[in-house]
Amino acid sequence: MKILKGIPGAPGVVFGTVLYFEKKTGGKIELDIDAAVAKCLEKVRRMYKKALSDLGEDKAKIFSAYEMLLEDEMLIGPIKKSAQGGTAPDKAVKEVTESMASILMTKKSEYLRQRADDIRNIGNMLIETLMSADDNFTFPKDNEKYIVAARELTPVDTMLFDRSRLLGFATCEGGAASHTVILAKSIGIPAVVGISELNSTAQGKKAYLDGYTGEFVTEPDSTAAAVYDKKVRSEEELIKTLETIKKSDAYTKDGERIGVYINIGKPSDLKGSECERFDGVGLFRSEFLYSAAKDRPTVSEQYEAYKTVIDAVYPNTVTIRTIDVGGDKQIDYFNMPKEENPFLGNRGIRLCLSNKDIFSQQLKAILMAGAGKKVKVMIPMVTCLDEIRETRELIRSVREELTGENIPVCEDLMLGIMIETPASAIMADVFAKHCDFFSIGTNDLVQYIMAADRGNAGVENIYQPFHPAVLTMIDRVIKAGAKAGIEVSVCGDLAANTDFTEVLLGMGLKKFSVPLPMLSRIKKKISDTDLSSARKLSEKVLTGEDENEVKNIIAGGEKL
C-alpha cells in the first residue's frame, strides 16, 4: 500500500482503477517548425469548439489564447530563426519558450505569470508535434470509469478524454488553480495535484482518490480500504442529497433563511442555472465586456449583456460589479501608464473615476438595462469615502441625462461596495452610513491584509485565509453592516469553502455568493448548521492566535 500526498484540487472521493496518461514519441524530428505550428493550430481550434460546446465560453477561452500565441511572430519568429541557424528544432522551441516563460515569471502581475504557463504548454505541444507524439488516449472497452493519472495535464490533454469515463484526475505537477483543477470542478469530478511521487507505476492499480484531503492511496490494505470505503459511501450519499436540494431554499438546522447567490463572469455562465434554485446573482463581473475586444464596448453592447442577465434572473436581483481592471488586468484603451506595483496602483474604482467617460457609459447601460426592475451596483477597491460620494454623484448625473431624453431608467438602484482593502474593512462602520450593502471580496482582502500576492507560489504559505487578522476583519465588517441595517455578503473564495461556512454563519453572515457548481454543497452545509453552535464556534475561532490554532478549532479540536 502507498499513501501519496498532494494538493486538494476538486472535492470528492472515488475508488477505481488508475490509467496513466503518457505520450509516446518516436524520438526523432519528423516535421519542421511551420508544419508543427499548423498542426498545433488545427488542434487548438478543434479543442476550442469542443470546450465551447461542452463547457461554455469561459473554459474555452484558454484555447483562444493558445491560438493567438501560435500566431504570434514574437514567439514563433525567434524559434524559426534559431532553427534556421542550425539549432535542432525541438531544442529551439524549448530554449525560446523557456526563456520567455522565465521572464514572465519574474513579473509581479499574476496575469503575466499565468501566461508563462501557457507559453510552456505551447512549447511542449510544439515539441510533441515535431516528434509526432501519440496523444490518442482511449479507455478500455469495458464501459467502466477510471482515475486518470499523469505527470501533468495541459488543457489540450484534458479535452481529449471522454468525460463520461472519468472518475477523477491525479497529477504529479500543478497547483490548486491549475487547468486540471478548473476542468475537474467544471465537470464535477475530484482532483488531486502536486503528488510528487506519482509515476507510471500507478498504471492498472486500484486506488482511492480524496479531493478533500489530497490523498492518493494505491493498493490499499484492508484497514485503509475500510476507512476509504466509508468515505466513498459518504460521498455517494452526499451526491444524492445534493440532487434533492437543488431546487430548495437554504435554511439552517434551526430554521434561519440564508441567501445563496451565484457569481458569474458573463451571461453564458447562467447556462445550467435553470436546474438550481438560487436567490440571485451576487457578483456579475463586467470585465469580460472590456477585455474581450480591442475597442471599448458601446453602451448598446453593454446594455444587451446586462439586460440579458437581469431579465433571466428576475424577480431575483443582480449585483453588477463595475469595471475592475488594473493590477493583473490591463486594458489598452484605458489611461493605464506602466506602474511599478500595479496591485497598489490605479485599479478598480480609482481607475474608473479617472476615466469618467468610460465609467459613465457603463453606468448609463446599467441604468437603462434595469428599467422597471431592482439592480445593485457594486464598486471595487474602495479605500475612501470620496470614492463612494463621487460615484453616487456620477449616477445622479447620468440618470438626469437619460430622463431628460425620456429614456426609461432603473428607479430602484442600490449602490454598494466591495470590502477588499484593509481601509474599507477598518472603516466599515463609517462606510455603512453611505452604502446600501457590502460584499466582502475575500481573495484580495486576504492578499492585502497578509501583504502576500495570492498568485505567488513563493509566499503561498503566508497567503492565509485562516489567519486571525483576516477573520477579525471579516467579523468586523459583518457586525458593522448589521449595526447599520445593511446587507452583507461574502463573494470571494471563502464563501465557497465549506470549512468556513459555519464560522461565517456564526459571525452573522446571511448571504453567500458562490460559483454555480458549489451552490448545492453550500446549501447542504448551511442546512447542517445550527446557529447557536455556529456562534460559539466563531467566538472560539476569534480567540485563535495563529492560523494553525484556527484550523484546529474549526476541525473540532480545542485551542492549542
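Higher on the page you've got the structure.
Everything quoted here is computed from the prediction, not taken from an experiment.

S.K.: Give a detailed account of the overall build of the chain, specifying residues and quantitative values.
M.R.: Helix and strand counts for the chain stand at 21 helices and 17 strands. Radius of gyration (C-alpha) of the chain: 25 Å, near the 24 Å computed for a compact globule of 560 residues. Principal axes of the C-alpha set define a box for the chain whose edges measure 70 × 60 × 40 Å. Here the contacts in the chain between residues at least 6 apart in sequence split such that 66% fall between residues at least 24 apart.

S.K.: Outline the pairing of strand E10 (residues 257-264), supporting the account with residue identities and numerical values.
M.R.: Most of E10 sits out of view: 7 of its 8 residues are buried. Both strand E9 (residues 250-251) and E10 contribute to a ladder of 2 bridges, which runs antiparallel. Bridging across to E10, tyrosine 251 finds its partner in arginine 257. Between E9 and E10, which pair antiparallel and follow one another directly, the connecting turn spans 5 residues, one of which, glycine 255, has a positive phi of 90°. The pairing of E10 with strand E17 (residues 511-515) spans 5 bridges and is parallel. Bridged to glycine 259 within E17 is lysine 511. With 3 bridges connecting them, E10 and strand E11 (residues 280-285) associate as parallel partners.

S.K.: How would you summarise the environment of serine 196 if you had to cite specific residues and measurements?
M.R.: As for its position among the elements, serine 196 is in the loop between strand E6 (191-193) and strand E7 (206-210). Expressed as a C-alpha distance, the spacing of serine 196 and glycine 6, which sit 190 residues apart in the sequence, is 7.2 Å.

S.K.: Give a detailed account of the side chain of arginine 521, specifying residues and quantitative values.
M.R.: Relative to the helices and strands, arginine 521 resides in helix H19 (residues 519-527). Setting aside anything within four residues of it in sequence, one finds arginine 521 in contact with Pro11, Tyr212, Glu235, Leu238, Ile239, Leu242 and Thr498.

S.K.: Give me the pairing of strand E4 (residues 146-150): which residues, what numbers.
M.R.: When you tally the buried positions in E4, you get 5 out of 5 residues, the bulk of the element. Neither face of E4 is exposed, since Tyr146, Val148 and Ala150 on one face and Ile147 and Ala149 on the opposite face are all buried. Where E4 lies against strand E5 (residues 166-171), 5 bridges are found, and the strand directions are parallel. Across the sheet, alanine 149 pairs through a bridge with alanine 170, a residue of E5. At this point the chain moves from E4, through helix H6 (residues 155-160), to the parallel E5, and the crossover so formed is right-handed.

S.K.: Residues and numbers for the packing of aromatic side chains, please.
M.R.: Tallied over the full model, the rule gives 9 aromatic pairs. With a centroid separation of 6.3 Å and 80° between ring planes, the pair formed by phenylalanine 63 and tyrosine 66 is classed as edge-to-face. One end of the pair is phenylalanine 63 and the other is tyrosine 66, both in helix H2 (residues 57-70) and 3 residues apart, which spans about a single turn. The buried category is assigned to phenylalanine 63, whose relative accessible area is 2%.

S.K.: Residues and numbers for the environment of methionine 368, please.
M.R.: Its location among the elements puts methionine 368 in helix H12 (residues 356-369). Once the C-alpha coordinates of methionine 368 and glutamine 302 are considered, the two residues, 66 residues apart in sequence, prove to be 10.0 Å apart. Filtering out sequence-adjacent residues up to four positions away, methionine 368 remains in contact with Val299, Tyr303, Leu402, Ile407 and Pro408.

S.K.: Tell me what's going on with the nonpolar core, and back it up with residues and numbers.
M.R.: Ranked by internal contacts, the top residues of the largest apolar core, which has 97 residues, are Tyr306, Phe438 and Phe512. Counting residues per element, this core draws most heavily on H12, at 8 residues. Residues contacting phenylalanine 438, with those up to four places away along its chain left out, are Ile417, Ile419, Ala428, Phe431, Ala432, Val477, Gly481, Ile486, Glu487, Val488 and Ser489. Leu19, Leu41, Val44 and Met125 belong to the second largest nonpolar core, which has 48 residues in total.

Conventions we followed
- Residues numbered from 1 in each chain as written.
- Predicted model: local features only at pLDDT ≥ 70, side-chain atom pairs only at ≥ 80, totals over all residues.
- Heavy atoms only, no water.
- Helix = DSSP H or I, 4+ residues; strand = E, 2+ residues; numbered from the N terminus.
- Rg over C-alpha atoms; globule rule 2.2 N^0.38 Å.
- Contact = heavy atoms within 4.5 Å.
- Buried < 20%, exposed > 50% of the residue type's maximum accessible area, 1.4 Å probe, protein only.
- Pairing = 2+ DSSP bridges.
- Right-handed = clockwise from strand over helix to strand, strands pointing away.
- Phe/Tyr/Trp six-rings, centres within 6.5 Å; stacked < 30°, edge-to-face > 60°.
- Core = buried A, V, L, I, M, F, W, Y, C linked by side-chain atoms within 4.5 Å.

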